[in-house]
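Okay, here's what each chain looks like letter by letter:
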Amino acid sequence: MLIGIVVTLISLWYGQNHGLMPIQASTEAAEVDQLFNLMMTIGTGLFLIVEGTLVIALIRFRRKEGDETDGPHIEGNIPLEIVWTAIPAIIVLGLSVYSFEIYTEMGGLNLMEHHSSKEVQLAYASPEKGTSSYPMLAASGLGEPPTFEESTDDILNIDVLGLQFAFVMTYPATGIVDGTVHVPVDQFVKLNLKAQDVIHAFWLPEFRIKQDMIPGKETTLIFKATREGTYPVVCAELCGSYHGGMRTQLIVHSPEEYDEWEQSRIAQGPTDLSTAIAATSQKPDETDADYLAHFQEPTHLDMTHLEHLHDSHMDMALVP
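None of the values given here were measured: they were computed from a predicted structure.

About the thresholds
- Residues numbered from 1 in each chain as written.
- Predicted model: local features only at pLDDT ≥ 70, side-chain atom pairs only at ≥ 80, totals over all residues.
- Heavy atoms only, no water.
- Pairing = 2+ DSSP bridges.
- Helix = DSSP H or I, 4+ residues; strand = E, 2+ residues; numbered from the N terminus.
- Axes fitted to C-alpha atoms, helices over the stretch in contact; angles between N-to-C directions.
- Contact = heavy atoms within 4.5 Å.
- Phe/Tyr/Trp six-rings, centres within 6.5 Å; stacked < 30°, edge-to-face > 60°.
- Buried < 20%, exposed > 50% of the residue type's maximum accessible area, 1.4 Å probe, protein only.
- Parallel < 35°, antiparallel > 145°, perpendicular 65-115°, else oblique.
- Nonpolar A, V, L, I, M, F, W, Y, C, P; charged D, E, K, R; others polar.

1. Here's the deal with the sheet that holds strand S8 (residues 200-204)
Within the open sheet, the 5 strands sit side by side as S6-S12-S11-S8-S9. Their pairing is mixed. Single-partner strands in this sheet number two, and they are strand S6 (181-184) and strand S9 (209-213). Between one strand axis and the next, the sheet turns by 20° as a mean value, whatever way the strands run. Two elements, S6 and strand S12 (residues 247-253), share 4 bridges in a ladder whose sense is parallel. Bridge pairing links Pro184 to His253 in S12. Most of the contacts of helix H6 (residues 255-268) go to S6, to which it runs at about 135°, and overall it touches S6 and S12.

2. Structural notes on the packing of aromatic side chains
All chains considered together, the criterion is met by 6 aromatic pairs. Plain terms: the ring middles of Phe167 and Phe202 are 5.2 Å apart, the flat faces sit at 80° to each other, and that makes the pair edge-to-face. Residue Phe167 is found in strand S4 (residues 166-171), and its partner Phe202 is found in strand S8; the two are separated by 35 residues along the sequence. Given a relative accessible area of 0%, Phe202 falls into the buried group.

3. Points about the pairing of strand S10 (residues 219-224)
In terms of residue burial, S10 counts as a mostly covered element, since 6 of its 6 residues are buried. Pairing analysis gives 6 bridges linking strand S7 (residues 188-195) to S10, with the strands arranged antiparallel. Counted as the bridge partner of Asn192 is Thr220 from S10.

4. What to know about the packing of helix H2 (residues 27-60) against helix H3 (residues 78-105)
Here H2 crosses H3 at 170°, and the two axes come no closer than 9 Å. When the axes of H2 and H3 are compared, the pair comes out roughly antiparallel. Two secondary-structure elements touch here, H2 through Glu31, Val32, Gln34, Leu35, Leu38, Met39 and Ile42 and H3 through Ile91, Leu95, Tyr98, Ser99, Ile102 and Glu105. Its residues placed into classes, the contact of H2 with H3 shows 9 nonpolar, 2 polar and 2 charged.

5. A look at the sheet that holds S10
In spatial order, the strands read S5-S4-S3-S7-S10; together these 5 strands make up an open sheet with mixed pairing. Of all strands in the sheet, those bounded by a partner on one side alone are strand S5 (176-178) and S10. Ignoring which end each strand starts from, the neighbouring axes of this sheet average 25° apart. Relative to S5, S4 runs antiparallel, the two sharing 3 bridges. Each bridged residue has a counterpart across the sheet, and for Met169 the counterpart in S5 is Asp178.

So this is what it looks like as structure tokens:
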């Protein structure tokens, strides 16, 4: 009983004080960390029990000096088999239910109930009928969390284009194009994610959210930043030779600072898209001719896709 109490106390303490996660910068981060802390608590307890049992067995049942006899013949123990199968099964089932609830709280299921779900055609091959297709409803991303309906804040829409090897942000309401994400604190933000060429992934570690960017399909992320500061944005999907350099930043401003930034960008006039790409791209070597040629190639950007991405009122040169 004493050992059980000690193991429980150690597990509970370490589960809340492991220090493995980055700072929390969104409402979603706190919910995800609750699940992670619970998993760390359970994992620490199981580790101490299993490894402690092995250490005790190694010491207590080690071969005595001069003992050359065979070990005792031990038969299987069915009740023990049932116990050590049932306990992990219950733990896994409980974590599954809890993680599902957190995913729902983050708005993961709202897209299925929302009008934003779109009908897409899924193709399949049949030896008898050849290639056929059938429609189904499909939605991707994190939709509106339950607290969104209770909020009086206006949602900030940002169109995000992912391409090898940069993120380009367009603010439809103002026509601003930037290589860095700028958002106000304590306001819901909706990212409309699209990929130009291959699959990318928009990952915000401090926000505990990540979403794939799929060519030909729009995905979404809705979140609320709770902490001012500058946070990394990372592509978490292997997208090519310079995947490691596909990074940018998300800057969370106070409402006043965000208004100042927005007004200053509007005053600067339209932004060239290639300038935004150059600002967000992390070149591993500025002397790399292949890399520079990649961005100078005029056919690299799908003009039809980019024109659709920007509002018709924007008077700007997409490509020089």
